[in-house]
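Single-letter residue listing:
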Amino acid sequence: VLQLRKVKANVIPVNSEQRMDPIKRGLCSSGGGGRALSYFVGILRGLTTLGLMPEFEELVTISGSSWASSIYMFAKNPDEELLGTRTAPEKLTLDFLDQNASLIGWTQ
């Protein structure tokens, strides 16, 4: 079961004259519906597995990638629940995927 948390975002209008500190490292992904969602879940899983996600200060996503990023950013669930179990490519089977689906991409 997906558990969401409430957060308050610091939103600055595009036309703001307020000084913004430069972003050191950001991650972006484009749209493409369900394909983009699946792709970005894989990117998030890979970066999380490698311990690199804390390096990113900003996520910029569009359409299908936003479906994945919004759940990833606001869910209370652990990363492995959200993104699925880490899998060696040679052990990846349809049975494994059925038993270890990520909450982000899960459908009934």
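Structure shown above.
Residues numbered from 1 in each chain as written. Predicted model: local features only at pLDDT ≥ 70, side-chain atom pairs only at ≥ 80, totals over all residues. Heavy atoms only, no water.

A.B. asks: Could you clarify how one ought to interpret the overall build of the protein in this entry?
C.D. replies: Looking only at helices and strands, the protein has 4 helices and 2 strands in total. Its helices and strands in sequence order give the protein the pattern β-α-β-α-α-α, from N to C terminus. The 108 residues of the protein split such that 20% are buried. Accessible surface computed for the protein: about 8,300 Å², of which carbon and sulfur atoms make up 54%. (Helix = DSSP H or I, 4+ residues; strand = E, 2+ residues; numbered from the N terminus. Buried < 20%, exposed > 50% of the residue type's maximum accessible area, 1.4 Å probe, protein only. Areas by Shrake-Rupley, 256 points an atom, 1.4 Å probe, with all protein chains shown as cover.)

A.B. asks: Can you help me understand the nonpolar core in this one?
C.D. replies: Across soluble globular proteins, you tend to see nonpolar side chains buried next to one another. In terms of nonpolar packing, the biggest core is built from 13 residues, with Val41, Leu44, Met53, Ala68, Tyr72, Leu83 and Ile104 touching the most fellow members. Breaking this core down by element, the ones donating at least two residues are α1 (34-49), α2 (64-74) and α3 (79-83). Sort the elements by how many residues they give to this core and α1 lands first, with 5 residues. Apart from the residues lying within four places of it in its own chain, the contact partners of Ala68 are Leu37, Phe40, Val41 and Ile104. (Core = buried A, V, L, I, M, F, W, Y, C linked by side-chain atoms within 4.5 Å. Contact = heavy atoms within 4.5 Å.)

A.B. asks: Help me understand unusual backbone geometry in this model?
C.D. replies: Glycine aside, residues mostly have negative phi angles, and peptide bonds mostly take the trans form. Of note, the phi angle at Ser63 is positive, near 50°, even though the residue is not glycine. With respect to the helices, strands and loops of the structure, Ser63 is situated in the loop between β2 (58-61) and α2.

A.B. asks: How do you make sense of the pattern of salt bridges when you look at a structure like this?
C.D. replies: Tallied over the full model, the rule gives 1 salt bridge. The shortest N-O distance in the salt bridge between Arg25 and Glu55 comes to 3.1 Å. Of this pair, Arg25 sits in the segment before β1 (26-29) while Glu55 sits in the loop between α1 and β2, placing them 30 residues apart in sequence. In this structure Arg25 comes out as partly exposed when scored by relative accessible area, which is 40%. (Salt bridge = Lys/Arg side-chain N within 4 Å of Asp/Glu carboxyl O.)

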